Amino acid sequence: MSRADRGTRAMHQALPPALRDAVDGFAEHLSRVRNRSAHTVRAYVTDLVSLLDHAVRMGCVDLAELDLSVLRSWLARQRTMGAARTSLARRAASARAFSAWAHRAGLLPADVGAALASPRAHRELPSVLRADQAAALVEAPSRQAPPTAPPPTNPAHTDPARTDPAAGPASGTTDGAEAVPLRDRVLLELLYATGVRVSEACGLDVGDVDHGRRVIRVFGKGGRERSVPYGVPAQRALDDWLRRGRPAMVGARSGDALLLGARGGRLNPTTARQIVGAYAETAGLPRTSPHDLRHSAATHLLEGGADLRAVQELLGHSSLASTQIYTHVSVERLRAAYRQAHPRA
């Protein structure tokens, strides 16, 4: 548990019982009813505990005493403490979501957060690789040794009964160390080919891959399901991984997970981020994260003539506004190319 989590838990325990119950009820609503991820629930709860702690310090001993002035005072205090505009916008959204839920649940006489304004978050243009840089990154595992220490060879791969039935015969399998570049290659190929989030890639099961149609089934935010196509290079990487790589790393903890970690369990998103960053560094590329590959995929699709609505569906954005940021990236790249190449720029 991080220091921030410990601090949130301590503040939560110090709240009056009725406020603690409200926090727990809201967290359960987010998790079970809204189907939010554990990360999202943790962020909302952290904001809410901070808000209610501030309310108690202002003299609120009952949730019904929470009003707009308390919400505004809390945001003002966050700002004086140096919170960024994006953080303030998120915390205001958390307060509004809690206020609406508490009003529906009969805990607040009115939805006091409905009138709460928040600073417009300044959206910087996402970091985007050039197409040749993205290609160099996804091909890096085939050209260089793994940038991180390879996992120990899994003795289970010698036992045909414990190999992955979906991967075909085990005669072509390799050892765990040689399987790592195959795993890394398919991870990078999928992230760039499909634009999926790193958590979505790590959440894939073997059965989520439709090899015939070259489509993967993805479960995104809120459990929303979508189908995302991928290309021939990703198909080759998948074939190599399932035929030669995965059987070498599969173990008792693997289950149906497509991508595996060093100990045979499902690949962790944190480890996936480290893999991407390490290959980018050794390839001499700018600092790159899985989300940068997602940004790059979206931008390159639009630059290639893809429809904005189609890109929205591929990325799993609930709002077209989230996808439109990539049109600005494309325009900026076009202007830069114009200034560099046009004789009258």
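Residue numbers run consecutively from 1 along every chain, following the written order of its sequence. Predicted model: local features are reported for residues with pLDDT of at least 70 only, side-chain atom pairs are reported and counted for 80 or more only, and whole-chain, interface and lining totals are derived from all residues. With hydrogens and water excluded, all non-hydrogen atoms of the structure serve as input to the side-chain values.

This is how the line gets drawn: UniProt positions are given in the numbering used here, feature names are shortened, and annotations may be inferred rather than shown by experiment.
Identification of the chain as Tyrosine recombinase XerC from Micromonospora saelicesensis is taken from an unreviewed UniProt entry. Taken directly from UniProt, the Sequence similarities (unreviewed entry) text for the chain runs: "Belongs to the 'phage' integrase family. XerC subfamily." Comment text from UniProt for the chain, heading Subunit (unreviewed entry), reads "Forms a cyclic heterotetrameric complex composed of two molecules of XerC and two molecules of XerD."

### Looking at unusual backbone geometry
Worth spelling out the cut-off: Going along the chain from the N terminus, every DSSP run of H or I of four or more residues is numbered as a helix, and every run of E of two or more is numbered as a strand. Each residue gets one of three labels from its accessible area relative to the maximum for its type: buried under 20%, exposed over 50%, partly exposed in between, using a 1.4 Å probe on protein chains only.
The phi dihedral of Asn-35 is positive, around 60°, even though this residue is not glycine. When you line up the elements, Asn-35 lands in the loop between helix 2 (17–33) and helix 3 (38–57). Assessed through its relative accessible area of 40%, Asn-35 is described here as partly exposed. The phi dihedral of Arg-214 is positive, around 55°, even though this residue is not glycine.

### Overview of the pattern of salt bridges
Let me state the cut-off plainly: Definition used for salt bridges: Asp or Glu carboxyl oxygen within 4 Å of a side-chain nitrogen of Lys or Arg.
Under the counting rule described, the total for this entry stands at 13 salt bridges. Arg-130 is paired through a salt bridge with Asp-132; the nearest N and O atoms lie 3.0 Å apart. The partly exposed category is assigned to Arg-130, whose relative accessible area is 43%. Measuring nitrogen to oxygen at the nearest pair gives 2.8 Å for the salt bridge that ties Asp-208 to Arg-217. Residue Arg-217 is classed as partly exposed on the basis of its relative accessible area, which comes to 36%. Beyond isolated ion pairs, a larger network of salt bridges with shared partners links Asp-47, Arg-90 and Arg-91.

### Digging into the environment of Leu-267
Put simply, the rule is: Pairs of residues are marked as contacts when any of their non-hydrogen atoms sit within 4.5 Å.
On the secondary structure map, Leu-267 appears in the loop between helix 9 (232–249) and helix 10 (269–282). Here Leu-267 falls in the buried class, since its relative accessible area comes to 2%. Considered as a pair, Leu-267 and Ser-254 are 13 residues apart in the sequence and their alpha carbons are 9.4 Å apart. Those residues in contact with Leu-267 that sit more than four places away from it in its chain are Arg-183, Leu-187, Cys-202, Leu-259, Leu-260, Gly-261, Ala-272 and Ile-275.

### Regarding the nonpolar core
Generally speaking, nonpolar side chains in soluble globular proteins are found buried as a group. Note the cut-off: Only buried Ala, Val, Leu, Ile, Met, Phe, Trp, Tyr and Cys residues count toward a nonpolar core, and they belong to the same one when joined by side-chain atoms within 4.5 Å.
Ranked by size, the top nonpolar core spans 44 residues in total, and within it Leu-137, Ile-216, Trp-241 and Leu-258 carry the most contacts. Breaking this core down by element, the ones donating at least two residues are helix 6 (131–143), helix 7 (176–194), helix 8 (198–202), strand 2 (215–219), helix 9 and helix 10. Excluding anything up to four places from it in sequence, Leu-258 contacts Leu-190, Leu-204, Asp-205, Val-206, Val-209, Leu-238, Trp-241, Leu-242 and Arg-246. One finds Val-41, Leu-48, Leu-68 and Ala-102 within the second-largest nonpolar core, a separate group that totals 31 residues.

### Observations regarding the environment of Asn-268
For Asn-268, the position within the fold is in the loop between helix 9 and helix 10. For Asn-268, a relative accessible area of 39% puts it in the partly exposed group. The spacing of Asn-268 and Cys-202 is 66 residues in sequence and 6.5 Å in space, taken between C-alpha atoms.

### Brief notes about the packing of aromatic side chains
In plain terms, the rule: Stacked, edge-to-face and tilted labels apply to pairs of Phe, Tyr and Trp rings (six-membered ring for Trp) whose centres lie within 6.5 Å, assigned for plane angles under 30 degrees, over 60, and everything in between, in that order.
If you walk through the whole model with that rule in mind, you get four aromatic pairs. For the pair Phe-26 and Tyr-44, a centre-to-centre distance of 6.2 Å together with 65° between the ring planes defines the contact as edge-to-face. Note that Phe-26 is positioned in helix 2 and Tyr-44 in helix 3, a separation of 18 residues in sequence. Here Phe-26 falls in the buried class, since its relative accessible area comes to 1%. Between the aromatic rings of Phe-26 and Phe-98, the centroid separation amounts to 5.4 Å while the plane-to-plane angle is 80°, which identifies the pairing as edge-to-face. Linking Phe-26 in helix 2 with Phe-98 in helix 5 (residues 85–104), this pair joins segments that are 72 residues apart in sequence. For Phe-98, a relative accessible area of 0% gives the class buried. An aromatic cluster is defined as three or more aromatic residues linked by ring pairs; in this entry it consists of Phe-26, Tyr-44, Phe-98 and Trp-101.

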